[in-house]
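The residues making up each chain are set out below.
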Amino acid sequence: MRITGVIQAGGRSTRMGGSPKALLELGGRRIVERVLDAVAPAVDDVLLVTNTPELYAYLGVPMVGDVFPDHGSLGGIYSGLKAAPGDSAFTVACDMPFLHREVIRLVVGRAGEADVVLPRVAGQWETMHAAYAKTCLPHIEACLSARRLKIVGFFDRVRVVEVAAGEVARFRAPEIAFMNVNTPEELERARALVGELG
């Protein structure tokens, strides 16, 4: 299977005062650079979903815009999956500074087993750290057309494989590996953690 890594950089960063979260610095590197460093070695190629490509051109990775603008994370997943040259898209958010390469490989390594492969922690699906097969496209499109934007809204129509929290924890605590930086408070917490984690 060919797996494309898809980084979602389409959010509006409203809780960060409009500054793109992906471009915030953490330990001397921008968050999106940390994401790319974790994802790229675990996949066959990388794609960025963004409506502001000028901000990310310096990364030198292919970029696509949203097919369904203003349709949230589900719209971004659809856009990346549709554009991905691979059979499946491993999708993450651009504001996850502590992604772990081996945790990504846990998901990517099982991508051929189901339409969606993703970790589940404390009963919650980690929908932005997941592999989505091309077979998901018609089901996601139906949800988007009906403006049903909850990511798990199409899971009952596809095969889903769970990666257990215990598997993730062998490499990094799940609450750290899947941490997002959405608010100034979360950014401060991330800056405190970066010294410990590197």
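Everything numeric in this text was worked out from a predicted model, so none of it was measured.

Rules behind the numbers
- Residues numbered from 1 in each chain as written.
- Predicted model: local features only at pLDDT ≥ 70, side-chain atom pairs only at ≥ 80, totals over all residues.
- Heavy atoms only, no water.
- Salt bridge = Lys/Arg side-chain N within 4 Å of Asp/Glu carboxyl O.
- Helix = DSSP H or I, 4+ residues; strand = E, 2+ residues; numbered from the N terminus.
- Buried < 20%, exposed > 50% of the residue type's maximum accessible area, 1.4 Å probe, protein only.
- Axes fitted to C-alpha atoms, helices over the stretch in contact; angles between N-to-C directions.
- Left-handed = near helix turned anticlockwise from the far one by under 90°.
- Contact = heavy atoms within 4.5 Å.
- Nonpolar A, V, L, I, M, F, W, Y, C, P; charged D, E, K, R; others polar.
- Core = buried A, V, L, I, M, F, W, Y, C linked by side-chain atoms within 4.5 Å.

*Asks:* I keep staring at the pattern of salt bridges and nothing clicks. Help me out?
*Replies:* In a structure, side chains of opposite charge can pair up when their charged atoms sit close to one another. As enumerated under the stated definition, the model contains nine salt bridges in all. Asp95 is the partner of Lys21 in a salt bridge, and the nearest nitrogen-oxygen pair spans 2.9 Å. Of the two residues, Lys21 is situated in the loop between strand 1 (3-8) and strand 2 (25-26) and Asp95 in the loop between strand 6 (88-93) and helix 4 (101-108); the sequence distance between them amounts to 74 residues. When sorted by exposure, Lys21 lands in the same class as Asp95, which is buried. In this structure, Arg105 engages Glu102 in a salt bridge whose closest nitrogen and oxygen atoms are separated by 2.7 Å. Of this pair, Arg105 and Glu102 both sit in helix 4, separated by three residues, roughly a single helical turn.

*Asks:* Explanation requested: the packing of helix 3 (residues 72-83) against helix 5 (residues 137-145) in the structure shown.
*Replies:* Between two packed helices, the angle of one axis relative to the other and the distance separating the axes together describe the packing. As a packed pair, helix 3 and helix 5 sit with axes 10 Å apart at the nearest point and diverge in direction by 145 degrees. For helix 3 against helix 5, the interelement crossing comes out left-handed. Judged by residue contacts, Leu74, Gly75, Ile77, Tyr78, Leu81 and Lys82 of helix 3 engage Leu137, Ile140, Glu141, Cys143 and Leu144 from helix 5. Its residues assigned to classes, the contact of helix 3 with helix 5 comprises eight nonpolar, one polar and two charged.

*Asks:* Is there a simple way to explain the nonpolar core in this structure?
*Replies:* In summary, soluble globular proteins display a tendency toward joint burial of nonpolar side chains. In terms of nonpolar packing, the biggest core is built from 73 residues, with Ile7, Phe90, Tyr132, Ile140 and Phe154 touching the most fellow members. Sorting elements by how many residues they give to this core places helix 1 (residues 31-39) first, with six residues. Leave out the neighbours within four places in its chain, and Ile140 touches Leu74, Ile77, Tyr78, Leu81 and Phe154.

Note that all results are geometric; they support no functional claim without further evidence.
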